[in-house]
Amino acid sequence: MRVVVAIFAIGGLLIGAALVLGIAIEPDRAAAPTTATSSGVRCRPPEGPLTLVEPTPDVVGRVNAAWARVDGWLADNAAATAAAWNTPATRTELIGLQRDLGYQLPAELIISLGRHDGVGADGFSFPPAYQPLSVREIRTTTADLCADPGWREGDVPFAKGESGAVLYLHEGSVYRFPAMQRHASDVTELLDRTASRLEGESPAEYRPDVDALGRLRWVRE
């Protein structure tokens, strides 16, 4: 009889121990992190390269020549807009942006940000109303867009319009978001096309209009 009681007692202890262990283990399983989604990974990219790509002399010449056309027209015709550029981005700031984005910045964007790190109030816009972004704004805009299903890893926003519309670079070409439509072959083409519209050399959907305060706006034809 004592043996039977002892067996039941031992069995009860084992069952009790198993229940205790089960209760202790289960919360740990529930607390285990789930597998990250692809959008989550894109929003937390690995550290990007700490060395900027060095543009070739040809690329430097083409981009600077296109910007010179835009800047020259603004200086002669829209003084308030010409004065609204931010100071150039430094190499340290560009490397920091590249590190945070997780990928290499395109050469044409490096050159452009090295001339103008975005705009202030009444600043320049690509037609019809895309204002160039600063290093800080590129970082925050990318963070806002990275989880969108249509946003692709490696895309770099560089100008922002109304209602969240964005111009961005994908493999060197300029696209519009959220339409995902190709807008120009590269930054240089976009700049040259904009300069031609400013100079009145190219018929276009939008024409420049400067108000009495020297501020540029784009008006639909």
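Residues numbered from 1 in each chain as written. Predicted model: local features only at pLDDT ≥ 70, side-chain atom pairs only at ≥ 80, totals over all residues. Heavy atoms only, no water.

**Structural notes on the overall build of the protein chain**
For step 1, the next point in the chain: For the protein chain, the helix and strand inventory stands at eight helices and seven strands.
For step 2, the next point in the chain: Across the 221 residues in the protein chain, those meeting the buried criterion constitute 37%.
For step 3, the next point in the chain: In the protein chain, the proportion of contacts linking residues at least 24 apart, taken out of those at least 6 apart, comes to 60%.
For step 4, the next point in the chain: Here the protein chain displays about 12300 Å² of accessible surface, and carbon together with sulfur accounts for 58% of that area. (Helix = DSSP H or I, 4+ residues; strand = E, 2+ residues; numbered from the N terminus. Buried < 20%, exposed > 50% of the residue type's maximum accessible area, 1.4 Å probe, protein only. Contact = heavy atoms within 4.5 Å. Areas by Shrake-Rupley, 256 points an atom, 1.4 Å probe, with all protein chains shown as cover.)

**Digging into the state of the cysteines**
For step 1, the next point in the chain: This model, assessed by the stated rule, comprises one disulfide.
For step 2, the next point in the chain: Bridging Cys-43 to Cys-146, the disulfide has an S-S length of 1.9 Å. When the S-S torsion is 105 degrees, as for the bridge of Cys-43 with Cys-146, the disulfide is right-handed. Remark: Cys-146 occurs in the loop between helix H7 (135-145) and strand E2 (156-160) and Cys-43 occurs in helix H2 (residues 38-43); sequence separation between them is 103 residues. (Disulfide = S-S within 2.5 Å.)

**Here we look at the nonpolar core**
For step 1, the next point in the chain: Counting residues in each nonpolar core, the largest one holds 43 residues, and the members touching the most others are Phe-126 and Phe-158.
For step 2, the next point in the chain: Looking at this core element by element, the count peaks at seven residues for helix H3 (residues 57-77).
For step 3, the next point in the chain: Apart from residues no more than four positions distant in its own chain, Phe-158 is found in contact with Leu-109, Phe-126, Gln-131, Pro-132, Leu-133, Leu-167, Tyr-168, Leu-169, Val-174 and Leu-190.
For step 4, the next point in the chain: In this structure, Leu-145, Tyr-168, Tyr-175 and Phe-177 belong to the second largest nonpolar core, which totals seven residues. (Core = buried A, V, L, I, M, F, W, Y, C linked by side-chain atoms within 4.5 Å.)

**A closer look at the sheet that holds strand E5 (residues 181-184)**
For step 1, the next point in the chain: On the basis of which strands lie adjacent, the open sheet formed by five strands has the order E1-E2-E3-E4-E5 and antiparallel pairing. The open sheet has two edge strands, strand E1 (131-132) and E5, and neither has a second partner.
For step 2, the next point in the chain: Against the sheet, H7 contacts E1, E2, strand E3 (166-170) and strand E4 (173-177), and its axis sits at roughly 110 degrees relative to E2. (Pairing = 2+ DSSP bridges. Axes fitted to C-alpha atoms, helices over the stretch in contact; angles between N-to-C directions.)

**Thoughts on the pattern of salt bridges**
Side-chain pairing between opposite charges can occur once the charged atoms of the two side chains come close.
For step 1, the next point in the chain: For the structure on display, the rule yields 15 salt bridges.
For step 2, the next point in the chain: Across the salt bridge formed by Arg-69 and Asp-192, the nearest N and O atoms sit 3.3 Å from each other. Of this pair, Arg-69 sits in helix H3 while Asp-192 sits in helix H8 (residues 187-199); the two residues are 123 residues apart in sequence, bridging distant segments of the chain.
For step 3, the next point in the chain: Accessibility expressed as a relative area gives 26% for Arg-69, which makes it partly exposed.
For step 4, the next point in the chain: For Arg-99, the salt bridge identified is with Asp-100, shortest N-O distance 3.1 Å.
For step 5, the next point in the chain: Overlapping salt bridges, with partners in common, bring together Arg-69, Asp-192, Glu-199 and Glu-201 in one network. (Salt bridge = Lys/Arg side-chain N within 4 Å of Asp/Glu carboxyl O.)

**Some words on the pairing of strand E6 (residues 206-210)**
For step 1, the next point in the chain: As paired elements, E6 and strand E7 (residues 216-220) share five bridges and run antiparallel to each other. Across the sheet, the residue bridging to Arg-207 is Val-219, located in E7.
For step 2, the next point in the chain: Where E6 hands over to E7, the hairpin turn is made up of five residues, of which Gly-214 adopts a positive phi near 80 degrees.

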